[in-house]
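Remarks on the overall topology
Listed here are the chains, written in short residue letters.
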Amino acid sequence: MKTILLSGNENDLKTAAQIIRSGGTVIFPTETVYGLGADARNMGAVNKIFAAKGRPADNPLIVHISGKDQIYDIADEVPRGAKTLIDRFMPGPITVILKRKPEIPDVVTAGLNTVGIRMPENRTAARLIELAGCPIAAPSANLSGKPSPTRFEHCVDDMNGRVDAIIDGGSCGVGIESTVIDMSGKPVIYRPGKISRTEIEKALGAPVAVAAELKEDEKPKSPGLKYRHYAPKGRVILVEPDPDVILAKLEQYGEKCGIIMFDEVLYELEPKLDPQISMASLGCGDIPEDAAARLFAALRKMDKCGAEIIIAPVLPDTDEWSGVRNRLYRAAH
Ligand code: TXA
Ligand code: MG
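Cut-off values and rules
Residues numbered from 1 in each chain as written. Chains lettered and ligands numbered in written order. Predicted model: local features only at pLDDT ≥ 70, side-chain atom pairs only at ≥ 80, totals over all residues. Heavy atoms only, no water. Pairing = 2+ DSSP bridges. Helix = DSSP H or I, 4+ residues; strand = E, 2+ residues; numbered from the N terminus. Axes fitted to C-alpha atoms, helices over the stretch in contact; angles between N-to-C directions. Parallel < 35°, antiparallel > 145°, perpendicular 65-115°, else oblique. Left-handed = near helix turned anticlockwise from the far one by under 90°. Contact = heavy atoms within 4.5 Å. Nonpolar A, V, L, I, M, F, W, Y, C, P; charged D, E, K, R; others polar. Near = heavy atom within 4 Å. Polar contact = N/O pair within 3.5 Å; in protein donor to acceptor, adjacent residues only side chain to side chain. Areas by Shrake-Rupley, 256 points an atom, 1.4 Å probe, with all protein chains shown as cover.

**Comments concerning the sheet that holds strand β8 (residues 165-167)**
Spatially, β1-β8-β2-β3-β7-β4-β6-β5-β9-β10-β11 is the arrangement adopted by the eleven strands of the open sheet, whose pairing is mixed. Both edges of this open sheet fall to β1 (4-6) and β11 (209-210), since each of them pairs with a single strand only. Across four bridges, the pairing between strand β5 (residues 94-99) and strand β9 (residues 179-182) is parallel. Each bridged residue has a counterpart across the sheet, and for V96 the counterpart in β9 is I181.

**Here we look at the packing of helix α12 (residues 288-305) against helix α13 (residues 322-332)**
Packing of α12 against α13 leaves a shortest axis separation of 9 Å and a crossing angle of 25°. Taken together, the axes of α12 and α13 lie roughly parallel to each other. Considering only the axes of α12 and α13, their crossing is left-handed. Only V324, R327, L328 and A331 of α13 make contact with α12, whose side of the interface consists of P288, A291, A292, L295, F296 and L299. Across the contact of α12 with α13, the residue classes break down as nine nonpolar, no polar and one charged.

**Some remarks on the site of ligand 1**
Inspection of the region around ligand 1 gives 26 residues, with T32, N59, H64, R118 and S178 positioned closest. With respect to ligand 1, the side chain of T32 contributes an N or O atom lying 2.6 Å from an oxygen atom. S140 places a side-chain nitrogen or oxygen 2.9 Å from an oxygen atom of ligand 1. Protein chains bury 94% of the 690 Å² of accessible surface belonging to ligand 1 in isolation. Taken together, the elements giving at least two residues each to the shell around ligand 1 come down to β4 (62-64), β6 (114-118), β10 (188-191) and α9 (223-226). Here the shell around ligand 1 takes four residues from β6, the largest share from any one element.

Structure (structure tokens):
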């Protein structure tokens with residue numbers, strides 16, 4: 001399959017929208033990560049997404065919209081709490097799970113009676129959905145088992161020849177996938193993201209459960225949770241972000257090492273390191289948003305360099321770090 005590479009200009013977006021309307025697949029930027037989209041109403045088109053990614057059929061897709069009125073074509077019921085979150089956080093990096101309308105094909109929701117809805121803030125994404133004139137089903141645009149793509153090059157690396165088009169939207173500002181919250185019943189956060197539990201609780205005026213903290217028998221049915229997440233080829237070792245601790249670890253491991261670390265630590269380490277060791281920065285150690293924007297690119301870099309041991313920082317167990325921590329710690333298991 002020939003993949004066409006597009007820019008985000010209006011003409012190219014029209015081409016991309018036409019591809020979506022005729023049942024093809026298009027990779028597009030969003031503020032979180034790149035998505036691999038197809039017409040959510042078209043079963044054949046949605047099947048192409050699963051094929052391109054190598055994604056298991058029982059993992060549902062998020063439906064992307066460009067206007068809030070579209071929610072009522074997709075969701076059967078919008079409870080008051082959901083309405084509050086939609087008013088407060090959409091467009092933005094949040095996915096709200098609601099009871100679905102039967103018009104949404106089973107392939108999209110993997111047969112569940114709920115559907116995840118997201119309205120991206122990214123202008124290219126919003127315009128593409130608007131021009132396509134239909135809701136767009138899209139998972140992250142990585143090959144299954146790879147980190148989500150946050151740059152155009154990541155999409156080309158994974159998907160060239162597997163999709164109809166890829167739109168270059170530069171780097172994704174947020175860098176980790178949307179916060180996923182189930183509002184079809186008692187609110188549960190399935191996946192942490194930039195929009196934090198605290199912000200959501202504040203908006204709802206009530207405590208919200210987090211799937212990872214629930215006991216096994218109360219665990220909700222988010223198929224995504226059961227899949228083993230991205231694991232780099234190398235082994236990730238989490239250490240205190242302290243130059244002496246890292247130097248000691250490098251001594252201990254003979255294999256080819258790579259380091260994912262904060263700027264201030266890298267700055268101190270660099271003169272003392274073998275130039276062979278590949279390094280990737282997570283930005284400043286007190287800015288979780290910087291780390292989020294850089295993490296997936298850093299993990300991809302480690303794989304490219306063939307690092308066998310990847311030294312990465314232990315992160316604070318706080319609400320503002322929970323999104324980055326969730327991704328890095330899952331990569332470490
Ligand atoms: O930021 C994002 O959310 C990106 C961009 C492209 O929008 N998309 C994304 O999609 O990360 P994906 O498919 O990689 O992750 C969606 C997650 C999966 O873990 C899936 O299991 C869960 O959301 N999910 C989707 N629909 C669901 C549903 N109806 N019930 C429970 N979980 C659902
Ligand atoms: Mg994904």
